[in-house]
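# Tertiary structure, described
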Amino acid sequence: MRMFGKAGKAAAVAAIAALALTACGRTDSGSTSGSSSGGEAFPKGSSIGVALPQKTSENWVLAEKLFNDGLTSAGFKPDVQFANGGVSEQQNQISAMVTKGDKVIIVGAIDGAQLGTQLKQAKDAGATIIAYDRLLLNTANVDYYVAYDNFKVGVLQGQALLDGLKTKKASGPYNIELFAGSPDDANAKVFFDGAMSILQPKIDDGTLKVVSGQKSFEQAVTQGWKAENAQKRMDTLLAGTYTSASLDGVLSPNDTLARAILTSVKAAGKPLPIVTGQDSEVESVKSILAGEQYSTINKDTRKLVEHAITMAKDLQAGKQLEINDTKSYNNGVKTVPAYLLPPVIVTKDNVKTAYVDDPVLGPLTK
Ligand code: BGC
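Notes on the structure follow.

### What about the sheet that holds strand β4 (residues 128-132)?
On the basis of which strands lie adjacent, the open sheet formed by 6 strands has the order β2-β1-β3-β4-β5-β11 and parallel pairing. In this open sheet, the two edge strands, each paired with only one partner strand, are β2 (77-82) and β11 (338-341). Strand-to-strand twist across the sheet, computed as the mean angle between neighbouring axes with direction ignored, equals 15°. Note: strand β3 (residues 104-107) against β4, 4 bridges, orientation parallel. Opposite Ile-105, over in β4, you have Ile-129 as the bridge partner. Across the sheet, helix α2 (residues 58-73) is in contact with β1 (47-52), β2, β3 and β4; its angle to β2 comes to roughly 165°.

Now the structure itself:
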């Protein structure tokens, strides 16, 4: 089994009622069949903790409001916290959620490997832990994972880069550079691996040339998902490697970094390369419409939050949780049962139809 590997295709609903019931700290001898006949696991009006990371992209900002509204209308008390101050702030927030008695704690980690102590406290107190968007690493104390299929995101990015390059000139070789996300975010490596599953064979056969030679994840990372770090690295690459060579394409793991890369290229007065992205941020969707950024990924935050809240509701009702992947996300200690949603690639070709249901992006792309 590949660690953090590609999601299995079968969308089987796993019978993991026993796990769910243990996870939410039930002590009665209710049914383990997964039906709701076992009764409520905890009171309806309970407090549900949501620990969000730093606001490194619009999806996190959106999630805050969606969790507050969605948990409230589901009858829960939302306890939603952002950790803009960093890892220790997030650790303290989770400890406070435990003290408060939150029954479910949903975690979008800054650093998925640094919360082991707090997650253990939470489990010992009888809470159920759901990793949200980013996996929690090296701990047995995570019950479920809900996310868009991260490996697939990378595959779509790699394919978009290749397709975009072909629109520039019919055949290679093409000069490209590779950017990855923040190494403390478990998603960053999965996105990169997904993209490289498409790009590596084309590097090997000479279609693609990474002119800087910086091909490894470690060389490509962008600390903290910060735009200024990507912009600085792109400035350095342009000044060092592309004084005479042309830059045809850049693998960017998300929209914030894509726009930073494009800013750097513009400042250097070079022609714009094909640049990928992710998140469907407003400015990037505008950039796609304007023919600058080549692609983004639609990972509708509303659907992800909705599923996380459905999980909390099912836990409360003592019901079996809907899971569609039980093999891809090994966190170093256990394979975490996951519910993965499908990401969608967006380019100029489908940008006018991709967001019809989106209240912000729909009107923007009409
Ligand atoms: C999310 C991406 C986001 C990135 C930076 C990742 O964990 O999956 O959607 O672009 O964090 O915020």
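### Remarks on the sheet that holds strand β7 (residues 208-210)
The sheet built from 4 strands is open, its strands ordered β7-β6-β8-β9 with parallel pairing. Two strands bound the open sheet, and with one partner strand each, they are β7 and β9 (274-275). Of the pairings in the sheet, the one linking strand β6 (residues 174-178) to strand β8 (residues 249-251) comprises 3 bridges and is parallel in character. Pairing of Leu-178 across the sheet is with Leu-251, part of β8. Packing against the sheet, helix α6 (residues 186-204) makes contact with β6, β7 and β8, and its axis sits at approximately 115° to β7.

### Some details on the packing of α2 against helix α11 (residues 301-317)
In the contact formed by α2 and α11, the axes pass within 9 Å of each other and the chain directions differ by 40°. Here α2 lies oblique to α11, going by the angle between them. In terms of crossing hand, the pair formed by α2 and α11 is right-handed. Contacts from Asn-59, Leu-62, Ala-63, Leu-66, Phe-67, Gly-70 and Leu-71 in α2 reach Thr-301, Arg-302, Val-305, Ala-308 and Ile-309 in α11.

### Focus: helix α5 (residues 150-168)
Here α5 contains 19 residues, and its C-alpha end-to-end distance of 28 Å stays within 8% of the 27 Å for a straight helix at 1.5 Å per residue. At the N-terminal boundary of α5, the capping side chain belongs to Asp-149, with an oxygen 3.3 Å from the backbone nitrogen of Phe-151.

### Topic: the site of the ligand
Residues in contact with the ligand amount to 14 residues; listed here are only the nearest, Thr-56, Ser-57, Arg-134, Asp-185 and Asp-279. Contact between the ligand and Trp-60: an oxygen atom at 3.0 Å from a side-chain N or O atom of the residue. Burial of the ligand by the protein amounts to 100% of the accessible area it has alone, namely 310 Å². For the shell around the ligand, the elements supplying multiple residues, two or more each, are α2 and α6. Tallied by class, the residues present in the shell around the ligand amount to 3 nonpolar, 6 polar and 5 charged. When residues of the shell around the ligand are sorted by domain, at least three fall in each of domain 1 (6-142 + 300-341) and domain 2 (151-299 + 346-364).

Quick notes on the rules
- Residues numbered from 1 in each chain as written.
- Predicted model: local features only at pLDDT ≥ 70, side-chain atom pairs only at ≥ 80, totals over all residues.
- Heavy atoms only, no water.
- Pairing = 2+ DSSP bridges.
- Helix = DSSP H or I, 4+ residues; strand = E, 2+ residues; numbered from the N terminus.
- Axes fitted to C-alpha atoms, helices over the stretch in contact; angles between N-to-C directions.
- Contact = heavy atoms within 4.5 Å.
- Parallel < 35°, antiparallel > 145°, perpendicular 65-115°, else oblique.
- Left-handed = near helix turned anticlockwise from the far one by under 90°.
- Expected span 1.5 Å × (residues − 1).
- Polar contact = N/O pair within 3.5 Å; in protein donor to acceptor, adjacent residues only side chain to side chain.
- Near = heavy atom within 4 Å.
- Areas by Shrake-Rupley, 256 points an atom, 1.4 Å probe, with all protein chains shown as cover.
- Nonpolar A, V, L, I, M, F, W, Y, C, P; charged D, E, K, R; others polar.
- Domains from an automatic or database assignment.

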